[in-house]
Amino acid sequence: DYVVVNAPGCSVLMKEYGHLLRRDPEYAGRAQAFSKRVKDISEFLVEVGLLARMGRVNLRVAYDDPCHLLHGQGISEQPRQVMRAIPGVVLLDFKENSWCCGSAGVYNITHPELSMKLLDRKMHNIMDISPDVIVTANPGCLIQLGYGVRRHSLKVPVLHVAQLLDMAYRARDGRPTK
């Protein structure tokens, strides 16, 4: 029924297959049907509903919007809805949280100097709010922000939205959350 993706850089393109292959007589119809089934994981979870019983996760969360999710797919509220549903999570806003972290696909490889400037700016903005954890919804951003944490000698974990949700379900079941 769905193709659920946890990497917005992938899902943004997968959602475009129908458009990209619209003139292909063999694949146009299948590509269009496929694209309609693609959902970001947070988009899917908000649509179908989360399991109601979650354990408490007392964390102050700085959520960083991935560019491919926010600008590419127009998704910003769904990851926040997922995190707000977790008992004990406090979402913190920080300056420029919708700006690029510098990963941008392979931008951090092709333009490392500019990428580090973006990352350093992002990390300073995050440090201003002193979160317990940094959460994002894209693996590339996760790696980039993780590097930013190490680069600035911070002791803050960086997680994917799905990992934070997993912590809540583990807490519900009395299992370790790490």
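These numbers come from a predicted model, not from an experiment.

Enquirer: Just to check I follow, could you spell out the sheet that holds strand β3 (residues 59-63) for this structure?
Expert: Strand pairing in a sheet relies on backbone hydrogen bonds, with the paired strands running either antiparallel or parallel. In space, the four strands of this open sheet follow the order β4-β3-β5-β6, with parallel pairing throughout. The open sheet has two free edges, formed respectively by β4 (89-92) and β6 (158-160), since each of these has just one partner strand. The average undirected angle you get between the axes of adjacent strands in this sheet is 35°. Across four bridges, the pairing between β3 and β4 is parallel.

Enquirer: What am I meant to see in the state of the cysteines here?
Expert: Each disulfide consists of a covalent bond between the sulfur atoms of two cysteine residues. This model, assessed by the stated rule, comprises zero disulfides. For C100, which is in no disulfide, the shortest distance to another cysteine sulfur is to C67 and amounts to 4.0 Å. The cysteine C101 is free of any disulfide, with C141 supplying the nearest cysteine sulfur at 3.9 Å.

Enquirer: Mind showing me how you'd approach unusual backbone geometry here?
Expert: For residues besides glycine, phi is generally negative; the peptide bonds are generally trans as well. Its identity as a non-glycine residue notwithstanding, E96 has a phi of 60°, on the positive side. Relative to the assigned elements, E96 resides in the loop between β4 and α7 (107-110).

Enquirer: Whenever I open this one, empty space enclosed by the protein confuses me. Can you help?
Expert: Rolled over the atoms, a probe with the dimensions of a water molecule shows which regions are left empty. Scanning the model with the defined rule gives one cavity of 30 Å³ or more in all. Here the largest cavity defines a volume of roughly 50 Å³. Together, K95, E96, W99, C100, L118, R121, K122 and N125 line the largest cavity. In terms of residue class, the lining of the largest cavity is made up of three nonpolar, one polar and four charged.

Enquirer: Hey, could you run me through a nonpolar patch on the surface in this one?
Expert: On the surface, a nonpolar cluster with roughly 430 Å² of combined accessible area is contributed by L13, Y17, L20, L21 and Y27. Within the secondary structure, L20 is located in helix α2 (residues 17-20).

Enquirer: Quick question: what am I supposed to make of the packing of helix α8 (residues 112-127) against helix α9 (residues 139-151) here?
Expert: As a packed pair, α8 and α9 sit with axes 10 Å apart at the nearest point and diverge in direction by 70°. If you check the angle between α8 and α9, you find them roughly perpendicular. On α9, the residues that touch S115, M116, L119, D120, K122, M123 and I126 of α8 are Q144, L145, Y147, G148, V149 and R151.

Enquirer: Help me understand the pattern of salt bridges, please; the structure alone is not making it clear to me.
Expert: Side-chain pairs of opposite charge can arise where the charged atoms are in close proximity. This structure, assessed with the given rule, holds nine salt bridges. R84 serves as the salt-bridge partner of E77, at 2.6 Å between the closest nitrogen and oxygen. For E77, a relative accessible area of 35% puts it in the partly exposed group. We note a salt bridge from D120 to R151, for which the minimum N-O separation is 2.7 Å. Of the two residues, D120 sits in helix α8 while R151 sits in helix α9, which places them 31 residues apart along the sequence. Given the relative accessible area of 18%, D120 is considered buried. On the basis of relative accessible area, R151 is assigned to the partly exposed category, the value being 38%.

Enquirer: Where do I start with the nonpolar core in this structure?
Expert: In globular proteins that are soluble, nonpolar side chains generally tend to be buried together. Counting 23 residues, the largest nonpolar core has V57, V61, M83, I86, V135 and L164 as the members making the most contacts within it. Broken down by secondary-structure element, the contributors of at least two residues to this core are α4 (41-48), β3, α6 (77-84), β5 (133-136) and α10 (161-172). It is α10 that contributes the most residues to this core, six residues altogether. Counting 15 residues, the second-largest nonpolar core is a separate cluster that includes C101, L119, C141 and L145.

Analysis parameters
- Residues numbered from 1 in each chain as written.
- Predicted model: local features only at pLDDT ≥ 70, side-chain atom pairs only at ≥ 80, totals over all residues.
- Heavy atoms only, no water.
- Pairing = 2+ DSSP bridges.
- Helix = DSSP H or I, 4+ residues; strand = E, 2+ residues; numbered from the N terminus.
- Axes fitted to C-alpha atoms, helices over the stretch in contact; angles between N-to-C directions.
- Disulfide = S-S within 2.5 Å.
- 1 Å grid on protein atoms, 1.4 Å probe; cavity = no way out; pocket = protein on both sides within 12 Å on 5 of 7 lines; lining within 4 Å.
- Points joined across faces, edges and corners; volume = space filled by probe spheres on them.
- Nonpolar A, V, L, I, M, F, W, Y, C, P; charged D, E, K, R; others polar.
- Patch = residues over 30% accessible without salt bridge, like charges linked within 9 Å, V, L, I, M, F, W, Y side chains within 5 Å.
- Areas by Shrake-Rupley, 256 points an atom, 1.4 Å probe, with all protein chains shown as cover.
- Salt bridge = Lys/Arg side-chain N within 4 Å of Asp/Glu carboxyl O.
- Parallel < 35°, antiparallel > 145°, perpendicular 65-115°, else oblique.
- Contact = heavy atoms within 4.5 Å.
- Buried < 20%, exposed > 50% of the residue type's maximum accessible area, 1.4 Å probe, protein only.
- Core = buried A, V, L, I, M, F, W, Y, C linked by side-chain atoms within 4.5 Å.

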